[in-house]
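Notes for the structure review
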Amino acid sequence: MDYKPLVREAFEARKYAYAPYSNFLVGASLLAKNGKIYRGCNIENAGFSPTNCAERTAIFKAVSEGVHEFEAIAVVGGSRDAKAFSLCFPCGVCRQVLTEFCRPDLPVIVARSEDDFEVHTLRELLPHGFGGADLQP
């Protein structure tokens, strides 16, 4: 699969980040099984706890439209004035939310640029995730 378009969409999503406190802007693009891409950006809040990460924004947008099957997610992030980017992995909360809606082998693409990225699986990022099956008797 060519992940470059998904990475490009994540960089576009990053442009809309609202991060006046950390100045760390993150963008995510989530590819649904139906081919639609859902963008998300981080949205900070002065209270910090209500802050929402880019990955969760993308997932919540998709789920709020009835979409529950996903093919891949790309994540990019860096300081507001970044000239170069480091890899920006999903936080623990985002990994848990991804586990709720995505299969363990979901490709998670973390990128420095459209041409420089790594692909990991959700299972690699959260090897012992807690899901709905864990709540069954």
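Attention in this report is confined to the structure presented alongside it. (Residues numbered from 1 in each chain as written. Predicted model: local features only at pLDDT ≥ 70, side-chain atom pairs only at ≥ 80, totals over all residues. Heavy atoms only, no water.)

The subject of this paragraph is the nonpolar core. Among the nonpolar cores identified, the biggest contains 21 residues, and Leu 30, Phe 70, Ile 73, Leu 98 and Leu 106 are the most heavily contacted of them. Of all elements in the fold, only β1 (24–32), α2 (54–64), β3 (70–79), α3 (92–101) and α4 (122–125) reach the threshold of two or more residues within this core. When near neighbours in sequence (up to four residues on either side) are disregarded, Leu 98 contacts Ile 59, Ile 73, Leu 106 and Leu 122. Grouped together as the second largest cluster of nonpolar side chains are twelve residues, Phe 11, Ala 72, Phe 85 and Ile 109 included. (Core = buried A, V, L, I, M, F, W, Y, C linked by side-chain atoms within 4.5 Å. Buried < 20%, exposed > 50% of the residue type's maximum accessible area, 1.4 Å probe, protein only. Helix = DSSP H or I, 4+ residues; strand = E, 2+ residues; numbered from the N terminus. Contact = heavy atoms within 4.5 Å.)

Positioned with a positive phi, Asn 23 is a non-glycine residue whose angle comes to about 55 degrees. Phi at Phe 48 takes a positive value of approximately 60 degrees, unusual for a residue other than glycine. Tracing the backbone through its elements, the reader meets Phe 48 in the loop between β2 (37–41) and α2. Look at Phe 48 and you get exposed, because its relative accessible area is 53%.

Where a strand is regular, its side chains alternate between the two sheet faces. In this sheet, strand β5 (residues 117–121) lies alongside strand β4 (residues 107–111) in antiparallel orientation, the contact comprising five bridges. Bridging across to β5, Ile 109 finds its partner in Val 119. Adjacent in sequence and paired antiparallel, β4 and β5 are bridged by five residues. (Pairing = 2+ DSSP bridges.)

What follows concerns the pattern of salt bridges. In total, this model carries eight salt bridges according to the counting rule given. Of the charged contacts in the structure, one is a salt bridge between Glu 69 and Lys 33, with a shortest N-O distance of 3.8 Å. On the criterion of sequence distance, the pair formed by Glu 69 in the loop between α2 and β3 and Lys 33 in the loop between β1 and β2 is long-range, its members being 36 residues apart. For Arg 103, the salt bridge goes to Asp 105, with nearest N and O atoms at 2.6 Å. On the accessibility criterion, Asp 105 (40% relative accessible area) is partly exposed. (Salt bridge = Lys/Arg side-chain N within 4 Å of Asp/Glu carboxyl O.)

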